[in-house]
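Coordinates in review
Take a look at the letters that make up each chain.
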Amino acid sequence: MVGQRTDIFDIGALGLSSGEGRRLELEVAVADFHFGGERYSVPGGSVSATLDVSHTTSGYSMRLRLDTPLEGPCMRCLADAGHAVAVDAREVDQPGGGEELSSPYLEDEHLDLRAWTRDALALALPVRIICKEECLGLCSVCGEDLNRAGPEHAHEPEPDPRWAALRELRLD
Ligand SMILES: [Zn+2]
Ligand SMILES: [Zn+2]
């Protein structure tokens, strides 16, 4: 089943009895998303994920792990950020266990793997995606990449503000 994408995974079909577990390698589609005003995607539009499923006494416990590069720009300089995201998420679903022990991704033993993967990726993102901590960003005047422009990059000082005021003045 290599290369086949799984959106909804039928856990019940594993036929696990209480105390049994299974590890699965699955391919999950991840749609492009917007973050901080920029667009990001995963290579090929899908990620390889490891799903561990354990049948507990009356429910399931699940663990989702994946590691993927992100394609998209540095939020400061707009060059490719070369960012990667690692996910290690867990869900427990215990019927009758209340809100805390109910997974929003599991419905009648059908796991919404696509929704879980999307949410887990979103939670794993840093506050800002930048190419490097010391990224200088873009020049606020001309938009040049200051990482490449060098320290001598500068602009003529702004014209005397009084001239600007005079330009505003209109004499009919
Ligand atoms: Zn940058
Ligand atoms: Zn400039």
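Structural data are supplied above this passage.
As the structure is a prediction and not an experimental result, all values here were calculated from the model.

If you tally the helices and strands in the protein, you get three helices and nine strands. Overall, the protein shows an N-to-C arrangement of helices and strands of β-β-β-β-β-β-β-β-β-α-α-α. For the protein, the C-alpha radius of gyration of 25 Å lies well beyond 16 Å, the compact-globule estimate for 172 residues. Dimensions of the protein, computed from C-alpha atoms along their principal axes, come out at roughly 85 × 35 × 25 Å. Residues classed as buried in the protein amount to 33% of the 172 residues present. Considering only intrachain contacts with a sequence separation of at least 6, the fraction spanning at least 24 residues in the protein is 60%. Only carbon and sulfur atoms are counted for the fraction: they give 51% of the accessible area of the protein, which is about 11,100 Å². Between the centroid of the 16 positive side chains of the protein and the centroid of its 31 negative side chains there is a distance of 4 Å.

On to the side chain of His-55. Locating His-55 in the fold gives a position in strand E5 (residues 46-55). Under the relative-accessibility criterion, His-55 is labelled buried at 16%. His-55 has contacts with Leu-16, Ser-17, Ser-18, Gly-19, Glu-20 and Tyr-60, leaving out every residue within four places of it along the chain.

With that settled, the discussion passes to the coordination of the zinc ion (ligand 2). Under perfect tetrahedral coordination by four donors, a metal shows angles of 109.5 degrees; under perfect octahedral coordination by six donors, it shows angles of 90 or 180 degrees. Listed as protein donors to the zinc ion (ligand 2) are Cys-139 (SG), Cys-142 (SG), His-153 (NE2) and His-155 (NE2); their distances from the metal cover 1.9 to 2.3 Å. Its four donor atoms give the zinc ion (ligand 2) angles of 104 to 114° at the centre, a pattern that matches the tetrahedral case. Mapping the donors of the zinc ion (ligand 2) onto the primary sequence gives the spacing C-x2-C-x10-H-x1-H. Residue Cys-139 is located in the loop between helix H1 (113-124) and helix H2 (146-149), and its partner His-155 is located in the loop between H2 and helix H3 (161-168); the two are separated by 16 residues in the primary sequence. For Cys-139, a relative accessible area of 10% corresponds to the buried category. A residue is classified by how much of its surface remains accessible, and His-155, at 37% relative accessible area, is partly exposed.

We now examine the sheet that holds strand E7 (residues 83-93). The strand order across the open sheet formed by four strands is E2-E5-E6-E7, and the pairing between neighbours is antiparallel. Two strands lie at the open edges of the sheet, namely strand E2 (21-29) and E7, each paired on one side alone. Neighbour-to-neighbour, the strand axes of this sheet turn through a mean angle of 15°, independent of strand direction. Pairing of strand E6 (residues 60-70) with E7, which is carried by eleven bridges, proceeds in the antiparallel orientation. Bridge assignment links Ser-61 to a residue of E7, and that residue is Val-92. Contacts from H1 reach E2, E5, E6 and E7 within the one sheet, and its direction differs from that of E7 by about 125°.

What the rule picks out here adds up to two aromatic pairs. Taking the centre distance of 6.0 Å and the plane angle of 15° together, the rings of Tyr-105 and Trp-116 count as stacked. Here Tyr-105, found in the loop between E7 and strand E8 (106-107), pairs with Trp-116, found in helix H1; they are eleven residues apart in sequence, far enough to count as distant. Across the pair, Trp-116 and Tyr-105 agree in class, each one buried.

What follows covers the sheet that holds strand E1 (residues 8-10). Here three strands make up an open sheet; going across it, the order is E1-E9-E8 and the pairing antiparallel. With one partner strand each, in any of the chains shown, E1 and E8 form the two edges of the open sheet. In this structure, E1 lies alongside strand E9 (residues 110-112), joined through three bridges in antiparallel fashion. Of the residues in E9, the one forming a bridge with Asp-10 is His-110.

Criteria and cut-off values
Residues numbered from 1 in each chain as written. Chains lettered and ligands numbered in written order. Predicted model: local features only at pLDDT ≥ 70, side-chain atom pairs only at ≥ 80, totals over all residues. Heavy atoms only, no water. Helix = DSSP H or I, 4+ residues; strand = E, 2+ residues; numbered from the N terminus. Rg over C-alpha atoms; globule rule 2.2 N^0.38 Å. Buried < 20%, exposed > 50% of the residue type's maximum accessible area, 1.4 Å probe, protein only. Contact = heavy atoms within 4.5 Å. Areas by Shrake-Rupley, 256 points an atom, 1.4 Å probe, with all protein chains shown as cover. Lys, Arg positive; Asp, Glu negative; His and termini not counted. Charge placed at Lys NZ, Arg CZ, Asp CG, Glu CD. Donors = N, O, S within 2.8 Å, 3.2 Å for Na, K, Ca; no water. Tetrahedral: all angles 85-135°; square planar, octahedral: opposite > 155°, others 65-115°. Pairing = 2+ DSSP bridges. Axes fitted to C-alpha atoms, helices over the stretch in contact; angles between N-to-C directions. Phe/Tyr/Trp six-rings, centres within 6.5 Å; stacked < 30°, edge-to-face > 60°.

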